[in-house]
Amino acid sequence: MILLVNSSIVKGQDSIIQSIPYTIKIDTITKIDTTLVIDTIITTSTHIIIDTIYNDNNNDNNNDNSKKNYSHKLEGDIGITLNQLAITHWAAGGESSGSGRVTSKITYSYKRKLFNYAVNGIFAYGLANYAKDKRVEKSEDRCELSMTASHNNNSKLTFTSIASLKTQFTNGYSYPNDSVPISGFFAPAYLTLSAGYNYNYRDILSIYISPIAGKMTFVMNQELADAGAYGVEKGYWNIIDGDSTWIKGKNTLSELGINVLIKYKHNINEDLSIFSTLNLYNNYMDPNKSNRWNIDVDWETGIKFIINKRISTILNIHLIYDDNIKFNVTEIVDGIEKTKQKPILQFKESLGITFLYKFATK
């Protein structure tokens, strides 16, 4: 026997009124009041529909979206490089010394269906100690931050924007003169903003070209700014009607040009890898037309050989050429020694054994 019951008020939901048909097999019930059985079924059904099924479906959808819509990861490494040299009564000459360097690279990446971005940080600081006169010199000083945002279209060619900031932590000197700084924190600092297209080949080679790239040079040390260091307009005496007024040098230099960034990274085998980064910048809006063909070059290449999980040997070569960075050069002209300032290719090479610690989130 089957009984069809129609209820207009559902228990457990005082503010909800609905009409739900229920079918009950009476012939399966023994010695139980039919009204109580119907009431129990209505209450249980209402509880399951409102609280359990709805909430579970919502949680499942949220979990699926969180897995499919985005992913993020933080990874990096911290390395300590030590070098030591001891000399006593050495006929060939030399000086006992010890040096150390701390380096760190950190990357945070965030990916969604339509776009992705990454924030990178490169930090390094090193000192060298010479035993003979107990002097300490800086051997490394680097502070770089960059952010890359790209349109994610699952193709090799993507629209990309890059913002980068480069400076140093402490004052720099032209040793052995350690009393007059030639650089410092935000003196200089380089801020570059660019937008263009990036071509990626198998995550080995990437070529980025931005036809419109802004570059700002900051020289916040007023003495360096007054001297016109790093391309900013230097200070001068303004003489009007016999009265002289000192006009301070500017602290910023703005440029607009083309930016090219080429990156290469390849793991030759499990223990040997090579990387190279070449950054070219040309200021085609330079007020001095003769300087518009000058190209700023920043080229860094490294070879890493992994000894074991924690120890590796790294050979690093860094080349920099910037027409706005000038050095004192002494030349002999017609038998007369003259000193003038001119840009020179900067070269730095380092080789050492590094104790490396890597970390990453899942």
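Calculation rules
Residues numbered from 1 in each chain as written. Predicted model: local features only at pLDDT ≥ 70, side-chain atom pairs only at ≥ 80, totals over all residues. Heavy atoms only, no water. Helix = DSSP H or I, 4+ residues; strand = E, 2+ residues; numbered from the N terminus. Buried < 20%, exposed > 50% of the residue type's maximum accessible area, 1.4 Å probe, protein only. Contact = heavy atoms within 4.5 Å. Areas by Shrake-Rupley, 256 points an atom, 1.4 Å probe, with all protein chains shown as cover. Phe/Tyr/Trp six-rings, centres within 6.5 Å; stacked < 30°, edge-to-face > 60°. Lys NZ or Arg CZ within 6 Å of the ring centre and 35° of its normal. Pairing = 2+ DSSP bridges. Axes fitted to C-alpha atoms, helices over the stretch in contact; angles between N-to-C directions. 1 Å grid on protein atoms, 1.4 Å probe; cavity = no way out; pocket = protein on both sides within 12 Å on 5 of 7 lines; lining within 4 Å. Points joined across faces, edges and corners; volume = space filled by probe spheres on them. Nonpolar A, V, L, I, M, F, W, Y, C, P; charged D, E, K, R; others polar.

Focus on the overall build of the protein chain
Line of reasoning, step 1. In terms of helices and strands, the protein chain carries two helices and 20 strands.
Line of reasoning, step 2. Residues counted as buried form 27% of the 362 residues belonging to the protein chain.
Line of reasoning, step 3. In the protein chain, the proportion of contacts linking residues at least 24 apart, taken out of those at least 6 apart, comes to 52%.
Line of reasoning, step 4. Here the protein chain displays about 24300 Å² of accessible surface, and carbon together with sulfur accounts for 58% of that area.

Let's talk about the packing of aromatic side chains
Line of reasoning, step 1. Tallied over the entire structure, the rule returns eight aromatic pairs.
Line of reasoning, step 2. Residues tyrosine 108 and tyrosine 117 carry aromatic rings whose centres are separated by 6.5 Å and whose planes lie at 55° to one another, so their mutual orientation is tilted.
Line of reasoning, step 3. Given a relative accessible area of 27%, tyrosine 108 falls into the partly exposed group.
Line of reasoning, step 4. With a centroid separation of 5.5 Å and 75° between ring planes, the pair formed by phenylalanine 159 and tyrosine 197 is classed as edge-to-face. Highlighted residues: phenylalanine 159 in strand β7 (residues 157-167) and tyrosine 197 in strand β10 (residues 189-201), separated in sequence by 38 residues.
Line of reasoning, step 5. Its end group placed over the ring of phenylalanine 275, lysine 105 keeps NZ or CZ at 4.9 Å from the ring centre.
Line of reasoning, step 6. The ring of tyrosine 130 carries arginine 135 above its face, with NZ or CZ at 4.2 Å from the centroid.

Some words on the pairing of β10
Line of reasoning, step 1. Pairing of β7 with β10, which is carried by ten bridges, proceeds in the antiparallel orientation. Paired with leucine 157 across the two strands is tyrosine 199, which belongs to β10.
Line of reasoning, step 2. Note: β10 against strand β11 (residues 205-218), twelve bridges, orientation antiparallel. Following the sheet pairing, leucine 193 is matched in β11 by glycine 214.

A short note on the sheet that holds strand β16 (residues 295-306)
Line of reasoning, step 1. Spatially, twelve strands are ordered β3-β4-β5-β6-β7-β10-β11-β14-β15-β16-β17-β20 in a closed barrel, and the strand pairing comes out antiparallel. Between one strand axis and the next, the sheet turns by 20° as a mean value, whatever way the strands run.

What about the pairing of strand β3 (residues 70-85)?
Line of reasoning, step 1. Two strands pair when backbone bridges link them, and β3 and strand β4 (residues 97-112) are joined in this way by 16 bridges, in the antiparallel orientation. The residue of β4 that forms the bridge with glycine 76 is isoleucine 106.

Focus: the layout of surface pockets
Line of reasoning, step 1. Space inside the second largest pocket adds up to approximately 250 Å³.
Line of reasoning, step 2. Together, 13 residues line the second largest pocket, and Asn83, Ser99, Arg101, Ala128 and Ser139 are the ones closest to its centre.
Line of reasoning, step 3. Counting only elements with at least two residues in the lining of the second largest pocket, the list comes to β3, β4, β5 (115-130), β6 (135-151) and β20 (346-360).
Line of reasoning, step 4. Across the lining of the second largest pocket, the residue classes tally to three nonpolar, eight polar and two charged.

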